[in-house]
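Read off the chains here:
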Amino acid sequence: MSGDPVLEVRGVHKAFGAREVLHGIDLDVAAGEIVAVLGPSGCGKTTLLRLIAGFERLDAGSIAVNGIEVAGSQHCVPPERRQVGVVPQEGALFPHLDVARNIGYGLHKGPEATARVHEMLELVGLAGRGEQRPNELSGGQQQRVALARALAPRPSLVLLDEPFSSLDAAMRAQVRDEVFDVLRTAGATAILVTHDQQEALSVADRVAVMLDGRIAQFGDPDVLYERPTSLEVARFVGDAVLLPGTLTGDAATCSLGELALRGDHPPSGPVVLVVRPEQFELHGHPTATDIAGLVVGRSFFGHDGTVRVALDDGTMIVCRTHAGRLPQRGERVGVRVGSPVLAFPATP
Amino acid sequence: MKRDRPPLALIVPAAAASLVAVVPIWYLVDRSLDRGVDEVRDELWRRRTLDLVLNSVGLSAAVTALCVIIGVAAAWLVVRSNLAGRRFLHVAFALPLAVPSYLAAFAWISWRPQVAGFSGAVLVLTLVSYPYVMLPVAAALSRLDPGQEDVARSLGHSRLQVLLRLTLPQLRTSIAAGALLVALYVLSDFGAVAAMRYEAFTWVIYGAYRAGFNPSRAAILASVLVLLALVLVIAESSARGRAAARVGSGSPRVGTPVELGRATPLAYLFSAAVLLPAVVFPMWRIITWVTESVTADVQFSDVRDALWNTVKLAALAAAATIVLAFPVGVLAARSRGALGRVFERSTYVAHALPGIVVAISLVFVGVRLLRPIYLELPLLVLGYVVLFLPLAVGAVRNSVEQAPPRLEEVARSLGNGPMAVLRRITAPLALPGIGAGAAMVFLTTMKELPVTLVLRPTGTETLATRLWRHTSVSDYADAGPYALALVLFAAIPAALLAKATR
C-alpha cells in the first residue's frame, strides 16, 4: 500500500428481492493504487461497483470514501456528491455532445474548465479531436474519452466496469495499456472490474478474486497465482489441472506418481492436487516404468503451445511447452512434474 | 437508476398534470349522482344502454381490426420492401392524418348519401385512423435488427415464417399501442358517427346535452364510456407484455429490402386501394366544392383569419401539452414506483371521453372555479391539454425510455443532481421523440371540433368551426376553401411525422 485508504468497504450485503448477491464484502483501496476485482460473470462484481458509485443502495455494511462514510444502512450520499468517477462498458459517451463537451461535462464552466479539457485531451492522446462527435471515434478512442471524462473533475476514485470487453482482441491489449498508462500518469486511484484474469493480473497492483458474492482472496497478482488460499481461487486464477490424490506427510501420490508439495498444505488424507500447465515436462519415447499417455490435441500460439495428453489411466492433462518441441497428435509421450505442486483438502 | 423517491420538482408538476386530466371525471361523478343512485341504476339497466354499448364496441372493434391490418401492411411495405417509390408512399400513407373525420364523412355523404350507417362509419374511421397504427409500427420495424432475420433465414425459415414468428412478435408493443389509440379514438369520435347517423355513444350523449333536458343521463352514459376506455387501457398494457429490448451492441444496420418480385403489382394495388379513398377522394370532393364556391360568398380575409387562429391555437396547445406531459412521461419511463404509473394512467382517462364531454366538464369547472378565464383563451387551451395529454405523455415516455439510463448514471457520477441530468442529458436525447409528440398534438388540435366549438372565446373562428358550420347544413360550396386550407396545412405536420419515423 502506498498511502491512506481512499476506499473502505466493510461487510457490505446486497440482495435483489430474495436473491442475495453480495454476502459481506470487505475491500480497502489505498491512494494511487489500482485494484482489480476479478470474478466470473454473475459473481456480483458489477453490483459492488454500482454500490460504490451510489447507483444502488446497500442492505447492510458501510462504504467510506476518503474516510467519510458515503453509504451505510441508515444513509446514502447520492452519486453526484461522492467524487467517484465511472467508466462504464462501451464508454457510454453522451451522443449529443462533442468530445470536448463530454470531457468537460463534470466541470464548472470557465477558462479553467477549458484548460482542463485540453489537458485531458493531451493526456489521452486525442489533442485536436475535441470537436468530433462520439460516433466518429473508434471503440478504443471512445474508451479513452470516457476515461478523460471521468478523470477531468479530479475524482478521489475511478471505477472501470469491464471497460475493454466491447473491443476486439487485437485492439484490446493496446487500449488497455494506454488506459492504464493514463491512470498511472494521473496518479489516480482506480478499481477495475473484469472477468478476464489475464487483464486483472497484468495491470493491477492488487487483485480481489470475487466468487459467488464473496471476496475469496485479496492480494498481489503473483501471490494469487503462486499461493492461492483455496481450490476455487486456484482454479479461477490461471489454468490448472486438478488431480485427486492422497497426502502422507509432505508428499502426495496421484496418477502422476509421488509429487512434492509447496506452501501450506492440509494434514494427511485425501486431497486435490493443483498442477499448472507449465509445470509438466514432456519427453518422447517413454520407458515402461514412466508415466505416459497419448497426445490427443495441440494448440500452437507462436511463442509456445499447449498439448492435451490422455494418460494411460484415463486422466486428461494440459501441458504448456515451448513451441519448438510440440509433439504430434497421436504421439506417445512421457510426463513428469518438474516442481512442487499445491494441495487442497478434497471436499467430500 | 434506482431512486428511492423521484425529485419533488418532477412529482409536483406531474401531479398537477394528472389532476387536470381527471377534471372531467369529477364533473361526471357530480352530474351522474345529480338525481340519486336509483336514477343511475335505472339508466344503466335500460335495454337501450346495452344497445349503445354494443354499437360502440362493435364499431371500435371493426375499425381497430381493419386499421391493424392496413397499418401493419403499409408499414412493412414502406420500411422493408423494395417497392419503387416507397419513400413517397411512406409520406402519402400518413396524409389521412390531415383529414378530420367529419370532413371525410361529409365528403362521402355529400357524394353517396346511402353509405350512412355502420358501413359508412367503419369506412371513414378506418381510412382516417390507420396511420395511428402505421407510424409506430414503421418506427419499430426500422429499429429491428436485420441480423436476426438473416439468422432465422439461415436456420431454414421462409420469409413468411420469419415474418410470423420473428418480426410480428417483436412488433407487438407498437401494434398494441397503435391499436389502443385507434380504439379510443373511435370510441370518442363524434364528427364521423354524427355525419354517418350511426347510433354510437357519442352521438347520443351529444343529443342528450344539446336537448339539455337530461344532463345527468348524458353524464351517466359518458361514465360508461370511460369504463370501456379503462378496460381498453388495461387490455393494452397486458397485450404489450415485456418490451423486447435490443440485445447486443451491434450498431443498427438497415436490412436488405425484401424483393417483392411478382407480388409488386399486388403491392401497388394495395397502396391504391388505401390511398384513393383515403386521400385522393376527399381532396377531389374538396376541390369540387372550392370550384363551386367561386360563385359563393366566401371572403378571403375570413379564411386567412380562421387559418391564423387555427395555427395559433394549435401551437399554444402543443406547447402547453408538452410542458405538462414532460414530467408525467419522465416519471412513467424512469421511476419503478407506483406513483409514475398512476400519473400516467390518469392522463389516459380523458382519451376515451368524447371531446364534447371534456368541453362541458370544463364549462362546469370554469363557471365554478375559473370564472376569470371562462370563455377566454386559457380555458380553451386547457381543454386541448386534457384531450391530448395522452398523445404527448406516450411520446415523452417512449423517447425517454430509449435514452440509456447508464448515461444518466455517468452524469450523476460527474456531479450533476437528478434535475440537472434531466436538463442536460435526458431532455436533449429525447428531443426528437418529444418533437414528434408536439407535431401530433399540433395536428390533432387543428382538426379538433367539439372543445373548440364550446370553449372558444366569443367571436373566434377557426378553420374547423367554419367548416363545421357550413357542412352541417350541407353548404359544401362555402365550406370548400376552409376545408382546403385545413387539409393542406394539416398535411405539413402529418408529413413531418412520417419523416420522423423513417
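Residues numbered from 1 in each chain as written. Chains lettered and ligands numbered in written order. Predicted model: local features only at pLDDT ≥ 70, side-chain atom pairs only at ≥ 80, totals over all residues. Heavy atoms only, no water.

(A) How the structure looks around the overall build of chain A. Within chain A one finds 8 helices and 20 strands. For chain A, buried positions account for 51% of its 348 residues. In chain A, of all internal contacts separated by at least 6 residues, the share reaching a separation of at least 24 is 65%. Split by element, the accessible area of chain A, about 15,800 Å² in all, is 49% carbon and sulfur. Of the charged side chains in chain A, 32 are positive and 42 negative, and the gap between their average positions amounts to 4 Å. (Helix = DSSP H or I, 4+ residues; strand = E, 2+ residues; numbered from the N terminus. Buried < 20%, exposed > 50% of the residue type's maximum accessible area, 1.4 Å probe, protein only. Contact = heavy atoms within 4.5 Å. Areas by Shrake-Rupley, 256 points an atom, 1.4 Å probe, with all protein chains shown as cover. Lys, Arg positive; Asp, Glu negative; His and termini not counted. Charge placed at Lys NZ, Arg CZ, Asp CG, Glu CD.)

(B) Representation of empty space enclosed by the protein. Residues and elements named next belong to chain B. For the structure shown, the criterion picks out 5 cavities of 30 Å³ or more. Quantified by volume, the largest cavity comes out at close to 420 Å³. Contributing to the lining of the largest cavity are 21 residues, with Tyr185, Ser188, Phe388, Thr444 and Glu448 lying nearest its centre. Secondary-structure elements contributing two or more residues to the lining of the largest cavity are helix 6 (101-111), helix 11 (172-188), helix 19 (377-402) and helix 21 (418-447). (1 Å grid on protein atoms, 1.4 Å probe; cavity = no way out; pocket = protein on both sides within 12 Å on 5 of 7 lines; lining within 4 Å. Points joined across faces, edges and corners; volume = space filled by probe spheres on them.)

(C) Summary view of the interface of chain B and chain A. Opposite the 22 residues of chain B that make contact, chain A presents 22 residues. On the chain B side of the interface with chain A, the three residues burying the most area are Arg406, Ser413 and Leu414 of chain B, jointly 29% of the side's total. For the interface between chain B and chain A, the tally reads 2 salt bridges. Mapped by element, the contributors of at least two residues to the side of chain B that touches chain A are helix 20 (405-413) and helix 21 of chain B. For the side of chain B that touches chain A, the residue count by class is 11 nonpolar, 5 polar and 6 charged. (Buried area = accessible area lost by both parts, 1.4 Å probe. Salt bridge = Lys/Arg side-chain N within 4 Å of Asp/Glu carboxyl O. Nonpolar A, V, L, I, M, F, W, Y, C, P; charged D, E, K, R; others polar.)

(D) Molecular detail of the sheet that holds strand 2 (residues 19-30) of chain A. Residue and element names in this part refer to chain A. Pairing in this open sheet of 4 strands is antiparallel, and the strands run 2-1-4-5 from one edge to the other. The sheet is open, and its two borders are formed by strand 2 and strand 5 (68-71), each paired with just one other strand. Taken over all neighbouring pairs, the strand axes of this sheet differ in orientation by 25° on average, direction set aside. As paired strands, strand 1 (residues 5-16) and strand 4 (residues 60-65) are joined by 5 bridges and run antiparallel to one another. Counterpart to Arg10 in the pairing with strand 4 is Ser62. Across the sheet, helix 1 (residues 45-53) lies against strand 1, strand 2 and strand 4, angled at about 120° from strand 1, the strand it touches most. (Pairing = 2+ DSSP bridges. Axes fitted to C-alpha atoms, helices over the stretch in contact; angles between N-to-C directions.)

(E) Examining the pattern of salt bridges more closely. Residues and elements named next belong to chain A. Considering all chains together, one arrives at 28 salt bridges over all chains under this definition. As a salt-bridge pair, Glu162 and Lys45 come within 3.5 Å of each other at their nearest N and O atoms. Of the two residues, Glu162 sits in the loop between strand 7 (157-161) and helix 5 (169-185) while Lys45 sits in helix 1, which places them 117 residues apart along the sequence. The pair Glu162 / Lys45 is uniform in exposure class, with both members buried. One network of salt bridges, in which partners are shared, links Arg172, Arg176, Asp196 and Glu199.

(F) Just the pairing of strand 14 (residues 269-275) of chain A, in detail. Residues and elements named next belong to chain A. Among the 7 residues in strand 14, 6 count as buried, and that is most of the element. Of the pairings in the sheet, the one linking strand 11 (residues 241-248) to strand 14 comprises 7 bridges and is antiparallel in character. Counterpart to Leu243 in the pairing with strand 14 is Leu273.

(G) Structural detail: a nonpolar patch on the surface. Residues and elements named next belong to chain B. On the surface, Leu488, Phe489, Ile492 and Leu496 cluster together into a nonpolar patch covering about 380 Å² of accessible area. Topologically, Leu488 is positioned in helix 24 (residues 476-500). Residue Leu488 is classed as partly exposed on the basis of its relative accessible area, which comes to 46%. (Patch = residues over 30% accessible without salt bridge, like charges linked within 9 Å, V, L, I, M, F, W, Y side chains within 5 Å.)

(H) Quick look at the packing of helix 4 (residues 47-80) of chain B against helix 5 (residues 86-94) of chain B. Residues and elements named next belong to chain B. Relative orientation of the contacting elements helix 4 and helix 5 amounts to 150°, with a least axis distance of 8 Å. On the basis of their axis angle, the class for helix 4 and helix 5 is roughly antiparallel. For the crossing formed where helix 4 meets helix 5, the hand is left-handed. Contacts from Ala74, Leu77 and Val78 in helix 4 reach Arg86, Leu89, His90 and Phe93 in helix 5. Taken together, the residues of the contact of helix 4 with helix 5 break down into 5 nonpolar, 1 polar and 1 charged. (Parallel < 35°, antiparallel > 145°, perpendicular 65-115°, else oblique. Left-handed = near helix turned anticlockwise from the far one by under 90°.)

(I) Quick peek at the environment of Leu157 of chain A. Residues and elements named next belong to chain A. Residue position: Leu157 is located in strand 7. The exposure class assigned to Leu157 is buried, which follows from its relative accessible area of 0%. Each C-alpha atom, one on Leu157 and one on Ala53, is 9.5 Å from the other, the two residues being 104 residues apart in sequence. Contacts of Leu157, omitting those with residues within four sequence positions, involve Val6, Leu7, Ile52, Gln83, Val84, Gly85, Thr189, Ala190 and Ile191.

(J) Here's a closer look at the domain arrangement of chain A. Residues and elements named next belong to chain A. Taken domain by domain, chain A consists of domain 1 (5-232) and domain 2 (239-345). The gap between the C-alpha centroids of domain 1 and domain 2 is 38 Å. Taken together, the contacts link 8 residues of domain 1 with 9 residues of domain 2. For the pair domain 1 and domain 2, the two sides together bury roughly 690 Å², of which 57% comes from carbon and sulfur. Run the count over domain 1 and domain 2 and you get 1 salt bridge. (Domains from an automatic or database assignment.)

(K) Expanded view of the packing of helix 5 of chain B against helix 15 (residues 264-293) of chain B. Residue and element names in this part refer to chain B. The N-to-C vectors of helix 5 and helix 15 enclose an angle of 40°; their axes lie 10 Å apart at closest approach. In terms of orientation, helix 5 and helix 15 fall into the oblique class. Taken as a pair, helix 5 and helix 15 cross one another with a handedness that is left-handed. Contacts from Leu89, Ala92 and Phe93 in helix 5 reach Phe270, Ser271, Val274, Leu275 and Val279 in helix 15. Here the contact of helix 5 with helix 15 is composed, by residue class, of 7 nonpolar, 1 polar and no charged.

(L) Layout of the packing of aromatic side chains. Residue and element names in this part refer to chain B. One pass over the full model with this rule turns up 19 aromatic pairs over all chains. Pairing Phe118 with Tyr198 gives two aromatic rings, centres 5.6 Å apart and planes at 55°, and the pair type is tilted. Residue Phe118 is found in helix 7 (residues 118-129), and its partner Tyr198 is found in the loop between helix 12 (191-195) and helix 13 (201-211); the two are separated by 80 residues along the sequence. Since its relative accessible area comes to 10%, Tyr198 is described here as buried. Here a set of aromatic residues connected by ring pairs shows up, and it is made of Tyr102, Phe106, Phe190, Trp289, Trp468 and Tyr476. Sitting over the ring of Trp111, Arg112 keeps its end group 4.2 Å from the ring centre. The aromatic ring of Trp284 is capped on one face by Arg285, whose charged end is 5.4 Å from the ring centroid. (Phe/Tyr/Trp six-rings, centres within 6.5 Å; stacked < 30°, edge-to-face > 60°. Lys NZ or Arg CZ within 6 Å of the ring centre and 35° of its normal.)

(M) Looking closely at unusual backbone geometry. The phi torsion at Glu90 of chain A lies on the positive side, around 60°, for a residue other than glycine. By secondary structure assignment, the location of Glu90 of chain A is in the loop between strand 6 (84-87) and helix 2 (99-103). Under the relative-accessibility criterion, Glu90 of chain A is labelled partly exposed at 41%. Within the chain, Arg197 of chain B stands out as a residue other than glycine whose phi angle is a positive 50°. Here Arg197 of chain B shows up in the loop between helix 12 and helix 13. With a relative accessible area of 59%, Arg197 of chain B lands in the exposed category.

(N) Broad picture of the sheet that holds strand 14 of chain A. Residues and elements named next belong to chain A. The strand order across the open sheet built from 5 strands is 13-12-11-14-20, with neighbouring strands paired in antiparallel fashion. The sheet is open, and its two edges are formed by strand 13 (257-260) and strand 20 (342-345), each paired on a single side. Strand-to-strand twist of the sheet, defined as the mean angle between neighbouring strand axes without regard to direction, takes the value 40°.

(O) How the structure looks around the confidence of the model for chain B. Residues and elements named next belong to chain B. Residue-level pLDDT values for chain B average 84, and 93% of them are 70 or greater. Of all the helices and strands in chain B, helix 9 (residues 146-154) carries the lowest mean pLDDT, 71, while helix 7 carries the highest, 95. Low confidence marks residues 244-252, where pLDDT is under 50. Its contacts with residues over four positions away, or in another chain, come to 6 contacts. The complex model carries a pTM of 0.79, and its ipTM stands at 0.80. (pLDDT = per-residue confidence, 0-100.)

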